Amino acid sequence: MEIHIKEPKQILTKASGYLKGYTHTLNSYAGCSFSCKYCYVREMPISKFRQSKAGWGTWVDVKKGASNLLKKELVKAKQKGPVYIFMSSSTDPYQPVEAKHFITRSLLEVMVDIQPDFLFVQTRSPLVTRDIDLFNQLKPRLLISMTIETDREKMRKIFTPKAPPIAGRFKALQELKEVGLPTQVAISPVLPSSDSFAEKLSSVVDRICIDDYFMGDGSEGKRTKRLGIQEIYEKENLHEWYDPSAYLRVKKGLEKHYTEDQIFVSQDGFLPITSHNHENGIFPENNKKKEREEKLFLHASFQDANR
Ligand code: SF4
């Protein structure tokens, strides 16, 4: 693993595209050692045009001085209006290097003093529990989202062999729940899981976001296709899971343990929880998603009937 210490000139980036509702993204690092096979960041300029010949997952840039930058940029941003931050969009803020360099922690310390209007923390690492003391000072304008795409370790090892084992993530969620921090699980992207996945989740988390390659990669699955993910499904004889209707199978299981307002589909599960969104109840996008789901359900039922 190549670790480079860099001194960026800017730390907050204007949010766009999929991260609707956010004003900024915040990335403590560039690069990510978890190196998930489906990671679409591999396809982004940050990875593609890097000088290093090494591939995605083999290098990490540590953003030295990030907290000093954030102090200045956050004050300025707040002067212009509400600040909704997504941490992180192109790295995992709690990847292993964080245990030594504490960049994410230093950013949280700044945000405790200069509070954003909402902070979304996206990770797949149990290291997130180290910062419970700071999260406690940021709630309730906070959501910690833990990626758990499957409950089957075999699948984790196929698709994300360098990511933390699933049991550790469940344990971390339990810990976050016990101290009353707002959490969700992002089943994103849906990977082949067991029939008891939803039941296991229901003991540790009250809110679920479910997403897949076809809704969530920003290109209706084209990006994922370029990464050769479909070939993995074929090689492992998992064809039925590489399908735009596969997420409905998982969602159906979730519906036995969660109410409708606890399950969010795709982009809606990543929106900032603001008073505006609360007032509107179900997000407008949900209507479109519902129509799409109904179509997919009909398509899946038709396929079943013809098997
Ligand atoms: S943890 Fe996220 S950023 Fe890191 S490799 Fe996996 S998908 Fe990409």
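Rules of the game
Residues numbered from 1 in each chain as written. Predicted model: local features only at pLDDT ≥ 70, side-chain atom pairs only at ≥ 80, totals over all residues. Near = placed C-beta within 6 Å. Nonpolar A, V, L, I, M, F, W, Y, C, P; charged D, E, K, R; others polar. Core = buried A, V, L, I, M, F, W, Y, C linked by C-beta atoms within 7 Å. Buried ≥ 20, exposed ≤ 12 C-beta atoms within 10 Å, placed from the backbone. Helix = DSSP H or I, 4+ residues; strand = E, 2+ residues; numbered from the N terminus. Contact = placed C-beta atoms within 7 Å. Pairing = 2+ DSSP bridges. Axes fitted to C-alpha atoms, helices over the stretch in contact; angles between N-to-C directions. Expected span 1.5 Å × (residues − 1). Arc of directions from axis to C-beta. Parallel < 35°, antiparallel > 145°, perpendicular 65-115°, else oblique. Left-handed = near helix turned anticlockwise from the far one by under 90°. pLDDT = per-residue confidence, 0-100.

What to know about the site of the ligand
Consideration 1: The environment of the ligand is made up of Cys32, Phe34, Ser35, Cys36, Cys39, Val41, Thr91, Asp92 and Arg124.
Consideration 2: Partitioning the shell around the ligand into residue classes produces five nonpolar, two polar and two charged.

A closer look at the nonpolar core
Consideration 1: Among the nonpolar cores identified, the biggest contains 69 residues, and Ile85, Leu119, Phe120, Ile144, Val185 and Ile208 are the most heavily contacted of them.
Consideration 2: The leading source of residues in this core is helix H4 (residues 103-113), at five residues.
Consideration 3: Discounting residues that sit within four places of it in the chain, isoleucine 85 has contacts with Tyr22, His24, Leu26, Pro116, Leu119 and Phe120.

Some words on the sheet that holds strand E6 (residues 84-87)
Consideration 1: Taken in spatial order, the eight strands of this open sheet run E2-E3-E6-E7-E8-E9-E10-E11, and their pairing is mixed. Of all the strands in the sheet, the pair left with one neighbour each is strand E2 (12-14) and strand E11 (263-265). Pairs of neighbouring strands in the sheet enclose a mean axial angle of 25°, with direction left out of account.
Consideration 2: Pairing analysis gives three bridges linking E2 to strand E3 (residues 24-26), with the strands arranged antiparallel. Paired with lysine 14 across the strands is histidine 24, a residue of E3.
Consideration 3: Packed onto the sheet, helix H12 (residues 246-254) meets strand E9 (183-187), strand E10 (208-210) and E11 and runs at close to 160° relative to E10.

Quick word on the environment of leucine 19
Consideration 1: Locating leucine 19 in the fold gives a position in the loop between E2 and E3.
Consideration 2: Along the chain, leucine 19 and serine 89 lie 70 residues apart, while their C-alpha atoms are 8.6 Å from each other.
Consideration 3: For leucine 19, the residues in contact, after removing those within four places along its chain, are Thr25, Phe86, Ser89 and Phe270.

Quick look at the sheet that holds strand E5 (residues 59-63)
Two pairing modes exist for strands in a sheet, parallel and antiparallel, and in both the strands are linked by backbone hydrogen bonds.
Consideration 1: Spatially, E1-E5-E4 is the arrangement adopted by the three strands of the open sheet, whose pairing is mixed. Of all the strands in the sheet, just strand E1 (2-6) and strand E4 (29-30) have a single pairing partner and so form its edges.
Consideration 2: Across two bridges, the pairing between E4 and E5 is antiparallel. Across the sheet, the residue bridging to tyrosine 29 is valine 62, located in E5.

Considerations on the pairing of E9
Consideration 1: Within E9, five of the five residues are buried, leaving the element largely enclosed by the surrounding structure.
Consideration 2: Every second residue of E9 is oriented toward a common face, with Thr183, Val185 and Ile187 on one face and Gln184 and Ala186 on the other, all of them buried.
Consideration 3: Two elements, strand E8 (residues 142-147) and E9, share four bridges in a ladder whose sense is parallel. From the neighbouring strand, threonine 147 faces E9, where its bridge partner is alanine 186.
Consideration 4: Where E9 lies against E10, three bridges are found, and the strand directions are parallel.

Let's talk about helix H2 (residues 66-80)
Consideration 1: Along its 15 residues, H2 runs 21 Å from first to last C-alpha, staying within 8% of the 21 Å computed at 1.5 Å per residue.
Consideration 2: Ala66, Ser67, Leu70 and Leu74 are the residues of H2 that are buried. Taken end-on, H2 shows its buried residues confined to a sector of 75°, consistent with a single buried face. Facing away from the buried surface of H2 by more than 90 degrees, the exposed residues are Asn68, Val75, Lys76, Gln79 and Lys80.

Examining the environment of methionine 215
Consideration 1: Mapped onto the secondary structure, methionine 215 falls in helix H9 (residues 213-216).
Consideration 2: Here methionine 215 falls in the buried class, since 21 other C-beta atoms lie within 10 Å of it.
Consideration 3: Taking the C-alpha atoms as reference points, methionine 215 and proline 189, separated by 26 residues in sequence, lie 9.4 Å from one another.

Observations concerning the packing of H2 against H4
Consideration 1: Close contact between H2 and H4 brings their axes to 9 Å; oriented N to C, the two are set at 30°. Between H2 and H4, the interaxial angle falls into the category roughly parallel. Judged by the twist between their axes, the crossing of H2 over H4 is right-handed. Contacts between H2 and H4 involve Ala66, Ser67, Leu70, Lys71 and Leu74 from the former and Ile103, Ser106, Leu107, Glu109 and Val110 from the latter.

Here's the deal with H4
Consideration 1: Taken together, the buried positions of H4 are occupied by Ile103, Thr104, Leu107, Leu108, Val110 and Met111. The arc enclosing the buried residues of H4, seen along the axis, measures out at 155°, which places them on a common side.

Description of the confidence of the model for the protein
Consideration 1: With 86% of its residues at a pLDDT of at least 70, the protein reaches an overall mean of 88.
Consideration 2: The low-confidence segment residues 297-307, where pLDDT is below 50, has four contacts with residues more than four positions distant or belonging to other chains.

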